[in-house]
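Coordinate analysis (summary)
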Amino acid sequence: MELVFDGHNDVLLRLWRNMKAGGDPIAEFMKGTSSGHIDGPRAKAGGLAGGLCAIYIPSGDLVLKEPDANGHYVTPLSAPLDHLPSLTIALEKAAIALRLDRAGAWRLCRSTAEIRKAMHDGIFAAVMHMEGSEAIDADLDNLEVFHAAGLRSLGPVWSRHNIFGHGVPFAFPMSPDTGPGLTDLGFELVRACNRLGILIDLSHITEKGFWDVAKTSDQPLIASHSNAHALTPVARNLTDRQMDAIRESGGLVGLNYAVTMLRDDGRDNVSTPLSDMIRHVDYMVKRMGIDHVALGSDFDGASIPEEIQDAAGNQNLVAALRGAGYADAELTKLCRENWLRVLGKAWHE
Ligand SMILES: [Zn+2]
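Summary of the structure given here. Note that the structure is predicted; figures quoted are calculated from it, not measured. (Residues numbered from 1 in each chain as written. Predicted model: local features only at pLDDT ≥ 70, side-chain atom pairs only at ≥ 80, totals over all residues. Heavy atoms only, no water.)

Concerning the overall build of the chain
When its secondary structure is counted, the chain shows 12 helices and 11 strands. Relative to the globule expectation of 20 Å for 349 residues, the C-alpha radius of gyration of the chain, 18 Å, shows essentially globular dimensions. Projected onto the principal axes, the alpha-carbon positions of the chain cover approximately 50 × 45 × 40 Å. Counting the 349 residues in the chain, one finds 61% classified as buried. Contacts in the chain between residues at least 24 apart in sequence constitute 72% of all its contacts with a sequence separation of at least 6. Here the chain displays about 12,900 Å² of accessible surface, and carbon together with sulfur accounts for 53% of that area. One way to put it: in the chain the 33 positive side-chain charges average out to a point 3 Å from where the 45 negative ones average out. (Helix = DSSP H or I, 4+ residues; strand = E, 2+ residues; numbered from the N terminus. Rg over C-alpha atoms; globule rule 2.2 N^0.38 Å. Buried < 20%, exposed > 50% of the residue type's maximum accessible area, 1.4 Å probe, protein only. Contact = heavy atoms within 4.5 Å. Areas by Shrake-Rupley, 256 points an atom, 1.4 Å probe, with all protein chains shown as cover. Lys, Arg positive; Asp, Glu negative; His and termini not counted. Charge placed at Lys NZ, Arg CZ, Asp CG, Glu CD.)

Now the structure itself:
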């Protein structure tokens, strides 16, 4: 089995929602459940050895627009969120991550050595990620505190605007060049992440914001869960020029399993063949090289192909990649080593 370290999941969102409905997140993760995509037993069964676990603040007003007869849709951006309620939710999710670690349900990792150790010990290697920075204040005090709590990766924006920058809407077909980029505070946030050793994630940011980070950050450029715009022209996917910049920086793109970002018709249809995933991997490998492509499933955050279904089915993708001609050494890079390389760089190892 080829162990996978994955660039993006929303398991903390699912555990938090179920906790709010009376569930026990520790028991749910340790014993397993039929809800969603990731828990300890299913991760183990599918060789999902670890990943970046997002602290995401839900947008209550998000309703994805139905496509028209041509399959086209534009979901308006969600409204900006207030800081204090966002901070409260972020703390609740960070607390779940810390309690899972304390209970031995997973290991919250702060270095690539800790990730390798957890994978070797057969325990899920979680890295705390923040998807959208609404919980961070303008003075960046909370960035310091979250870093101390284990935060090692951060997307300045989700698909909405905040004090740091601007996000892209869920729309098909649409260019990622949908508006302004980083604000002055956003540039400060990037420099602070560089200093602290927090990876900056460019998934969900506008193309302008992407270039603002590219000219400011000293890290490899990363889009943790995005695909090729040339194949599926949603605003969330990356143009060839963006991919060229990612390659030149030594960064990577994590393949997003969301069917709306894989299919050429952009439809939310789970009977999407694995060949659509291979098509995106092939395209990105051809454009950037094998060192710059990885996985970023979006488990627990998106509709994914039914041939994978959940974390337990993750090796079906690995088998399909092998069937498409990827050799063992290439699979190792795609499945985990590329992520470990860029995390080590961003974390000043
Ligand atoms: Zn996302």
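Thoughts on the sheet that holds strand β9 (residues 222-223)
Spatially, three strands are ordered β9-β10-β11 in an open sheet, and the strand pairing comes out parallel. If you trace the sheet from one side to the other, it starts and ends with β9 and β11 (293-295), each paired once. Pairing analysis gives two bridges linking β9 to strand β10 (residues 252-255), with the strands arranged parallel. If you follow Ile222 over to β10, its bridge partner there is Leu252. Helix-sheet contacts for helix α10 (residues 274-288) involve β10 and β11, and the interaxial angle to β10 is about 175°. (Pairing = 2+ DSSP bridges. Axes fitted to C-alpha atoms, helices over the stretch in contact; angles between N-to-C directions.)

Considerations on helix α12 (residues 328-346)
Taking 1.5 Å of rise per residue, the 19 residues of α12 would be expected to cover 27 Å, and the 26 Å separating its terminal C-alpha atoms lies within 8% of that figure. The largest bend along α12 measures about 55° and falls at Leu334. Along α12, the residues classified as buried are Leu331, Thr332, Leu334, Cys335, Arg336, Asn338, Trp339, Leu340, Val342, Leu343, Gly344 and Ala346. Immediately beyond the C-terminal end of α12, within one or two residues, lies His348, with a positive phi of roughly 60°. (Expected span 1.5 Å × (residues − 1). Bend = angle between axes of the 7 residues up to and from the residue.)

Here we look at the pairing of strand β5 (residues 125-131)
Residues in a regular strand project their side chains so that they alternate between the two faces of the sheet. Within β5, seven of the seven residues are buried, which leaves the element mostly enclosed by the surrounding structure. Alternating residues of β5 divide into Ala125, Val127, His129 and Glu131 and Ala126, Met128 and Met130, and every residue in both groups is buried. Here strand β2 (residues 48-56) pairs with β5 via seven bridges, running parallel. Directly across from Tyr56, in β5, lies its bridge partner Glu131. Pairing between strand β4 (residues 107-108) and β5: two bridges, direction parallel. When the bridges of β5 are listed, Arg107 appears paired with Ala125. Sheet topology note: the β5/strand β6 (residues 151-155) ladder contains four bridges and is parallel. What sits directly across from His129, in β6, is Ser153. With respect to chirality, the unit in which β5 leads through helix α6 (residues 141-148) into the neighbouring parallel β6 is right-handed. (Right-handed = clockwise from strand over helix to strand, strands pointing away.)

Remarks on the packing of aromatic side chains
Counted according to the given criterion, the structure contains eight aromatic pairs. Residues Phe29 and Trp106 carry aromatic rings whose centres are separated by 5.4 Å and whose planes lie at 70° to one another, so their mutual orientation is edge-to-face. Taken together, the residues Phe29 in helix α2 (residues 25-31) and Trp106 in the loop between α4 (83-102) and β4 connect sequence positions 77 residues apart. Phe29 gets classed as buried once you look at its relative accessible area, which sits at 0%. For Trp106, a relative accessible area of 1% corresponds to the buried category. Relative to Trp211, the ring of Phe210 has its centre 4.9 Å away and its plane inclined at 80°; by these criteria the two rings are edge-to-face. Overall, Phe210 belongs to the buried group, its relative accessible area being 1%. Overall, Trp211 belongs to the partly exposed group, its relative accessible area being 24%. The side chain of Lys93 reaches across the aromatic face of Trp16, ending 4.4 Å from its centre. (Phe/Tyr/Trp six-rings, centres within 6.5 Å; stacked < 30°, edge-to-face > 60°. Lys NZ or Arg CZ within 6 Å of the ring centre and 35° of its normal.)

Concerning the nonpolar core
Ranked by size, the top nonpolar core spans 91 residues in total, and within it Trp106 and Leu143 carry the most contacts. Leave out the neighbours within four places in its chain, and Leu143 touches Ile136, Leu151, Leu154, Leu189, Ala192, Cys193, Leu196 and Ile198. One finds Phe5, Leu199, Ile222 and Leu252 within the second-largest nonpolar core, a separate group that totals 20 residues. (Core = buried A, V, L, I, M, F, W, Y, C linked by side-chain atoms within 4.5 Å.)

What is shown is where atoms sit, not what they do.
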